[in-house]
Amino acid sequence: MIIRARVVVTMDGPPIENGAVAISGNRVVDVGKFPEIWARQSNRKIVDLGERALLPGLINAHCHLDYTCLRGRIRPQKSFADWIRAINSAKANLSSEDYIASITEGFAEAARFGTTTIVNLCAFPELVAQIDEPIRTWWFGELIDVRSSDCANEIVDLAVRSLKSKENWGLAPHALFTASPNVFRHCEEIARRENILLTTHLAESHEEFSMFREASGPLYKFMKEIGRDMNDCGHETPVGLFLGAPDWHNSTPPNWIVAHLNQLAESDFDLLATPTKVAGGGSTTTFAIVHCPRSHKYFGHSPFQFEKFRERGLNICLGTDSLASNVDLNLFAEMRQFQKTFLKISPAEILSMATVNPGRALRQETRLGKIRFGFYADLISVPCVSSSNVFEEIIAFDQPVDWSMIDGQVRSR
Ligand SMILES: [Zn+2]
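Overview of the structure. (Residues numbered from 1 in each chain as written. Predicted model: local features only at pLDDT ≥ 70, side-chain atom pairs only at ≥ 80, totals over all residues. Heavy atoms only, no water.)

Quick look at the coordination of the zinc ion
Phase 1 of the analysis: In this structure, His-62 (NE2), His-64 (NE2), His-201 (NE2) and Asp-321 (OD) serve as the protein donors to the zinc ion, at separations of 2.0 to 2.7 Å.
Phase 2 of the analysis: What the four donor atoms of the zinc ion show is an angle range of 86 to 165 degrees at the metal, which sorts the shape as irregular.
Phase 3 of the analysis: Along the chain, the residues donating to the zinc ion are arranged with the sequence spacing H-x1-H-x136-H-x119-D. With His-62 in strand S6 (residues 58-63) and His-201 in strand S10 (residues 197-202), this pair connects stretches of sequence that are 139 residues apart.
Phase 4 of the analysis: Exposure remark for His-62: the relative accessible area of 0% places this residue in the buried category.
Phase 5 of the analysis: Judged by its relative accessible area of 4%, His-201 is buried. (Donors = N, O, S within 2.8 Å, 3.2 Å for Na, K, Ca; no water. Tetrahedral: all angles 85-135°; square planar, octahedral: opposite > 155°, others 65-115°. Helix = DSSP H or I, 4+ residues; strand = E, 2+ residues; numbered from the N terminus. Buried < 20%, exposed > 50% of the residue type's maximum accessible area, 1.4 Å probe, protein only.)

Below you can see the structure in the form of structure tokens.
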């Protein structure tokens, strides 16, 4: 098949006017100007999308589809600890069937808004075998042992047994305040052995910062009340503890996808960037960062220090987080929210945070996030009339996406 569009936005060089992409099976096999592609691939059927842009499908680098059913149910709270209390009490009423329905609804919604790959943290890994994902999915088992720290390894191993039924999976110790060093270390061991990805929430709120740095604040009080051992509090920042304290890792930590990083001390930025200075000076980054602009706004976190991370060469991606702190699973809306805060960042760079960058974070830099020979045929198309600022028009798109292709299969609506 040859797909022609007024402009093909490859994210691999400038947009191609009157462009076309040739697809064979689930891969891109050619991309360029339509007349050239047609000459080279004349045996293929042509689908002309007309006055539209064709671009890589969007990649949501952080969400929890478990909580799609909590949309609009949890109002912003006075403190982060209160929000945790509120979500815990909402979750107490949910059954396995509710979670499966919630995840299914979330997948449909993400796909409707042009997401073709999703990083989904799942608090109930035992349910994942019952769900057929309609889009490319990395299933991360979310792990918490704060109330059962004597069986850290068992919790992780049980999750791994369920997750292995999926093609793409990883592990997500929830956060430093809910998962023990044993969980983190065991997850890193498994990551090395199975070559899987790891993700966690880090330095999300000022309350997490106060808990670890100062042994005070509402989160400190809450976690102490539920019986967490608070001996690691009162010394380090969350990033300092995660990277500096030997308890949390057996050896050099493997690559992590780290969500949030909203509350950092000045020294934390360099600490995060240090592992990028590999021998020989290559550009390998150890940490990918996920920023969730609308969830960030919902919580009223400290300003996200985008420029400081970017200066240090860290890979920054966008995510929606869950609908317990957001209104929908629309990455176009996340890009617009980001743009409102960071006026100087170009729309092209913003789009790369929902395509190329998360492709790299998932170690799929030769398969996902661009339109290029050999990449998966995961594409979306949106109307496009402007010729001067295609990227601006893409980010401004605020309707459901009515044409997409995942793994070479067209999903028109
Ligand atoms: Zn999250």
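So much for the structure itself; the text now carries on.
Concerning the sheet that holds strand S12 (residues 287-291)
Phase 1 of the analysis: Taken together, eight strands build an open sheet; the order of strands is S6-S7-S8-S9-S10-S11-S12-S13 and the sheet is parallel. Only two strands of the sheet have a single partner each, and these edge strands are S6 and strand S13 (315-318). Direction aside, neighbouring strands of the sheet carry axes that sit 25 degrees apart on average.
Phase 2 of the analysis: Here S10 runs beside strand S11 (residues 256-260); their pairing, made up of four bridges, is parallel. (Pairing = 2+ DSSP bridges. Axes fitted to C-alpha atoms, helices over the stretch in contact; angles between N-to-C directions.)

Digging into the side chain of His-296
Phase 1 of the analysis: As for its placement among the helices and strands, His-296 is situated in helix H10 (residues 293-299).
Phase 2 of the analysis: In terms of polar contacts, His-296 uses its side chain to reach the backbone carbonyl oxygen of Ser-302, at 2.8 Å.
Phase 3 of the analysis: Once residues within four sequence positions are removed from consideration, His-296 is found in contact with Asn-262, His-291, His-301, Ser-302, Pro-303 and Phe-304. (Polar contact = N/O pair within 3.5 Å; in protein donor to acceptor, adjacent residues only side chain to side chain. Contact = heavy atoms within 4.5 Å.)

Section: the layout of surface pockets
Phase 1 of the analysis: Reported here for the largest pocket is a volume of approximately 850 Å³.
Phase 2 of the analysis: Looking at the largest pocket, it is lined by 36 residues, and the ones nearest its centre are Tyr-67, Lys-91, Ala-123, Glu-142 and Ile-144.
Phase 3 of the analysis: Looking at the lining of the largest pocket, the elements that each hand over two or more residues are helix H2 (80-91), strand S8 (136-143), helix H4 (152-163) and helix H7 (218-225).
Phase 4 of the analysis: Among the elements that take part in the lining of the largest pocket, H2 stands out by supplying six residues, more than any other.
Phase 5 of the analysis: Of the residues belonging to the lining of the largest pocket, the class tally is 19 nonpolar, ten polar and seven charged. (1 Å grid on protein atoms, 1.4 Å probe; cavity = no way out; pocket = protein on both sides within 12 Å on 5 of 7 lines; lining within 4 Å. Points joined across faces, edges and corners; volume = space filled by probe spheres on them. Nonpolar A, V, L, I, M, F, W, Y, C, P; charged D, E, K, R; others polar.)

Observations concerning empty space enclosed by the protein
Phase 1 of the analysis: In this structure the tally under the stated criterion is three cavities of 30 Å³ or more.
Phase 2 of the analysis: Considering only enclosed or pocket space, the largest cavity measures out at about 60 Å³ in volume.
Phase 3 of the analysis: Surrounding the largest cavity, Pro-56, Gly-57, Ile-59, Thr-116, Thr-117, Arg-367, Leu-368, Gly-369, Lys-370, Phe-375, Tyr-376 and Asp-378 form its lining.
Phase 4 of the analysis: Each residue belonging to the lining of the largest cavity can be placed in one class, and the counts come to five nonpolar, four polar and three charged.

Structural notes on the pattern of salt bridges
Phase 1 of the analysis: Throughout the structure, instances matching the rule amount to 24 salt bridges.
Phase 2 of the analysis: We note a salt bridge from Asp-12 to Arg-372, for which the minimum N-O separation is 3.4 Å. Taken as a pair, Asp-12 in the loop between strand S1 (2-8) and strand S2 (16-24) and Arg-372 in the loop between helix H14 (356-361) and strand S14 (379-383) lie far apart in primary sequence, 360 residues in all.
Phase 3 of the analysis: Of the residues examined, Asp-12 reaches a relative accessible area of 32% and is grouped as partly exposed.
Phase 4 of the analysis: Residue class for Arg-372 comes out partly exposed when judged on its relative accessible area of 36%.
Phase 5 of the analysis: Notably, a salt bridge pairs Glu-109 with Arg-112, separated by 3.9 Å at the nearest N-O pair. (Salt bridge = Lys/Arg side-chain N within 4 Å of Asp/Glu carboxyl O.)

Quick notes on the packing of helix H6 (residues 206-214) against H7
Phase 1 of the analysis: Remark: H6 packs on H7, axes separated minimally by 7 Å, with the N-to-C direction vectors making an angle of 65 degrees. Classified by the angle their axes make, H6 and H7 are roughly perpendicular. For the pair formed by H6 and H7, the contact residues are Glu-207, Glu-208 and Met-211 on the first element and Pro-218, Leu-219, Tyr-220 and Met-223 on the second.
Phase 2 of the analysis: Residue composition of the contact of H6 with H7, by class: five nonpolar, no polar and two charged. (Parallel < 35°, antiparallel > 145°, perpendicular 65-115°, else oblique.)

Quick word on the side chain of Thr-68
Phase 1 of the analysis: Following the sequence through the fold, Thr-68 ends up in the loop between S6 and H2.
Phase 2 of the analysis: Given a relative accessible area of 1%, Thr-68 falls into the buried group.
Phase 3 of the analysis: Beyond its immediate sequence surroundings of up to four residues, Thr-68 is in contact with Ser-102, Glu-105, Gly-106, Leu-323 and Leu-329.

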